[in-house]
Every structure is written in C-alpha cells, then in structure tokens.
Amino acid sequence: MEKRLIILESVILCVLLVIGIKVNKLGELKVFRFASAEEVEQMSDEDLVYIGLNDYESADFFPDGEYEQVDLFGVELEDERSESITMYRFGMEDNLNQIDVKQGIPEELFHKMVEEDIQKRYEYATDKEPDEDTGDVLISKDTIYCGENTFYKEYSIRYTQRRYMYMNNELVVRDLLRGDRVLYWKQYIEKNDTNKCERYLVGEIDAEYVKDFFDLDYYNWDGIVYHEVTEDDMKYTYTMYRVKFGYGDYGENNYVGLTKYENYVDKMTRRLDVKMTKIRKVEIPNTVWDKPEPQ
C-alpha cells in the first residue's frame, strides 16, 4: 500500500510539472546556490522551470543568515488575527522638507512621527465613530512595541473590528479580530508630486546596509535566487535576479521568467532608481488556455 502511495504521488507531481501548475513541496527540493550573476543567467531551462514551479522562498537560495529577513523581536504573528507585515515610510511632506540626506531623520522627530501616525491610522478606535468608508467600528485596540533595529521601528497593532451587515433582511453584528505588524523605516523616505514618486535612502549607509535594506524592501517577494552589491565613486548598485511563474494569455502557454533588477543609490543625492531587464522566458509546453466559446 505504501509503495502505491509513493507511486501515486510521483505520478501527480509529474502531471503537475507537465501542465505547468505551481506545485507545493511533496518532499525535499533541490538546493541551488548561485555564485555569480553569470551563473544565474546561464542556468539551464530545466532548472529555471523547476524553480518556477516549486514552492521556494527567497531565503532558500542563500546560506543561513546571508539573506536579511524581518525580525519579529520574539513577538510572533497572531494567526487568529491574521496579523500581517506592513512597512511604512514617511514622505518629504511629513516635516522632512528640509532634511539633510547625509544626516537622516533626527531621532526625536522620527519617534514623534511614528506615534502620531499610529494614532492617526487608528483614531476611530478611540471615539467609536464608524469608519467613513466601511462603516466599521473599532471597539478595542492594543499597541505592542516589539523592538527596533538600524532599519525600522516595529509595533504589533491588535484590534477588534465591529462590522454591521444585513443578512436575509436582518441586521447582523460581528466582531472581527484583526492584527497589523507595522514597521516604520528609519532611513527610507519618499517625495511625491503630481507625476512621480522619488525615493531616498538617508543617513549613514554603506554597501552592507544597502544590501540588507533591499533584502528587506523585497521581503514579500519569492523567487529571488541571487543578489549582490557593487559600488563606484557615484553610486551603490544592488542587483538581484528573480524567477517567477506566469500564466499565459489565451492561446499562449504558461511560462517561467528570469528577470534582473538593478537598484541604484546615488551617493550624493541618495535618490533611488531601479532598472528592470527581462533575461529569459521559458514556455511550458501544452499549457495553452483556450478561450471559452460564447454562450
């Protein structure tokens, strides 16, 4: 019986790979360690498709500790509240118009802005007035300070959201448990105007800081298989490669793509820019979705 189950699992895995649907881990995945950008770009189509179709996290492609990850400071995410991570950055308009990019945000001002922002985001939790957009009421709120490091200051905001709704012509009241893990960037700010958004990395930085910063900035991306930081007299460059599965349009096969991202930090202005280059796209045979016939 056990042999039959093993054979059945193998058959299912093969079928999923052939039709190009992402698969979950049915066992140990292959280990990939890329030593250079050239090695990434020269990987075989078979390896590219294998990575794209399997359930890898970005940290899986690096030795332990090399890929910077969000620190929860011992305060675990609450599954019951579906607590999820959100990173906030302040804009130049938030008392930062005259900021010295080399000095960064003054510490006292930063902590004041964080406190004010939390109060503003959840202000209707204190006066019990319904939210203008949803009509919901926050009936309780608990703000937990988790910790802070060089990159961010972190809070867990846990609250109960009272929702009013009509079901079968009757008013129903439900209390929903919510949770936000809020991280405030200390040295990452934005300047918004009508046509564009400019991003800046301020304060004291070096190549190691730039690497860890971008690792964190892309914390919710999977499939990052390689990263490196280089620098010259003018800028830092954080280069990364991402493998991603994609569904084809009607009449086209599904595919796995390899994309290169080059993130630049100007050493003088501290402005951030990014350049994206599509390196390769491998189609998965026999995965065409036919357009349904009109009814």
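Residues numbered from 1 in each chain as written. Predicted model: local features only at pLDDT ≥ 70, side-chain atom pairs only at ≥ 80, totals over all residues. Heavy atoms only, no water.

## What about unusual backbone geometry?
Step number 1: A positive phi angle, near 55°, is found at Phe 73, a position not held by glycine.
Step number 2: Here Phe 73 lies in the loop between helix 3 (45–53) and strand 1 (84–91).
Step number 3: On the basis of relative accessibility, which here comes to 25%, the residue Phe 73 falls in the partly exposed class.
Step number 4: One non-glycine residue with positive phi stands out, namely Asn 169, at about 65°. (Helix = DSSP H or I, 4+ residues; strand = E, 2+ residues; numbered from the N terminus. Buried < 20%, exposed > 50% of the residue type's maximum accessible area, 1.4 Å probe, protein only.)

## Side note on the pattern of salt bridges
Step number 1: Scanning all chains against the criterion turns up 22 salt bridges.
Step number 2: We note a salt bridge from Glu 78 to Arg 158, for which the minimum N-O separation is 3.0 Å. Here the residue Glu 78 occupies a position in the loop between helix 3 and strand 1, and Arg 158 occupies one in strand 3 (residues 152–167), the gap between them amounting to 80 residues.
Step number 3: For Glu 78, a relative accessible area of 25% translates into the label partly exposed.
Step number 4: Exposure remark for Arg 158: the relative accessible area of 13% places this residue in the buried category.
Step number 5: When the shortest N-O distance is used, the salt bridge between Arg 181 and Glu 83 registers 2.9 Å. Of this pair, Arg 181 sits in strand 4 (residues 170–192) while Glu 83 sits in the loop between helix 3 and strand 1; the two residues are 98 residues apart in sequence, bridging distant segments of the chain. As far as the burial class goes, Arg 181 and Glu 83 line up, both buried.
Step number 6: Through salt bridges with shared partners, one network takes in Glu 78, Arg 81, Glu 83, Glu 154, Arg 158 and Arg 181. (Salt bridge = Lys/Arg side-chain N within 4 Å of Asp/Glu carboxyl O.)

## So, the nonpolar core
Step number 1: In terms of nonpolar packing, the biggest core is built from 46 residues, with Ile 51, Leu 201, Phe 213 and Val 225 touching the most fellow members.
Step number 2: Contributions of two or more residues to this core are made by helix 2 (37–41), helix 3, strand 4, helix 6 (207–217), strand 6 (224–231), strand 7 (235–246), strand 8 (255–266) and strand 9 (271–283).
Step number 3: For Ile 51, the residues in contact, after removing those within four places along its chain, are Phe 32, Phe 34, Met 43, Tyr 56, Phe 61, Val 225 and Val 243.
Step number 4: Within the second largest apolar cluster, 20 residues are counted, among which are Ile 99, Ile 105, Met 113 and Tyr 184. (Core = buried A, V, L, I, M, F, W, Y, C linked by side-chain atoms within 4.5 Å. Contact = heavy atoms within 4.5 Å.)

## Looking at the packing of aromatic side chains
Step number 1: Counted by the stated rule, this structure contains 23 aromatic pairs.
Step number 2: Each ring, one from Phe 214 and one from Tyr 238, has its centre 5.0 Å from the other, and the planes form 25°; the classification is stacked. With Phe 214 in helix 6 and Tyr 238 in strand 7, the pair connects residues that are 24 residues apart, well separated along the chain.
Step number 3: By relative accessible area, Phe 214 is classed as buried at 0%. (Phe/Tyr/Trp six-rings, centres within 6.5 Å; stacked < 30°, edge-to-face > 60°.)

## Some words on helix 4 (residues 107–121)
Step number 1: Compared with an ideal rise of 1.5 Å per residue, which puts 15 residues at 21 Å, helix 4 spans 21 Å between its outermost C-alpha atoms and is within 8% of the ideal.
Step number 2: Of the residues making up helix 4, those classed as buried are Phe 110, His 111, Met 113, Val 114, Asp 117 and Ile 118. All buried residues of helix 4 fall inside an arc of 160° around its axis, so they share one side. Opposite its buried face, helix 4 presents the exposed residues Glu 108, Glu 115 and Lys 120, each directed more than 90 degrees away. (Expected span 1.5 Å × (residues − 1). Arc of directions from axis to C-beta.)

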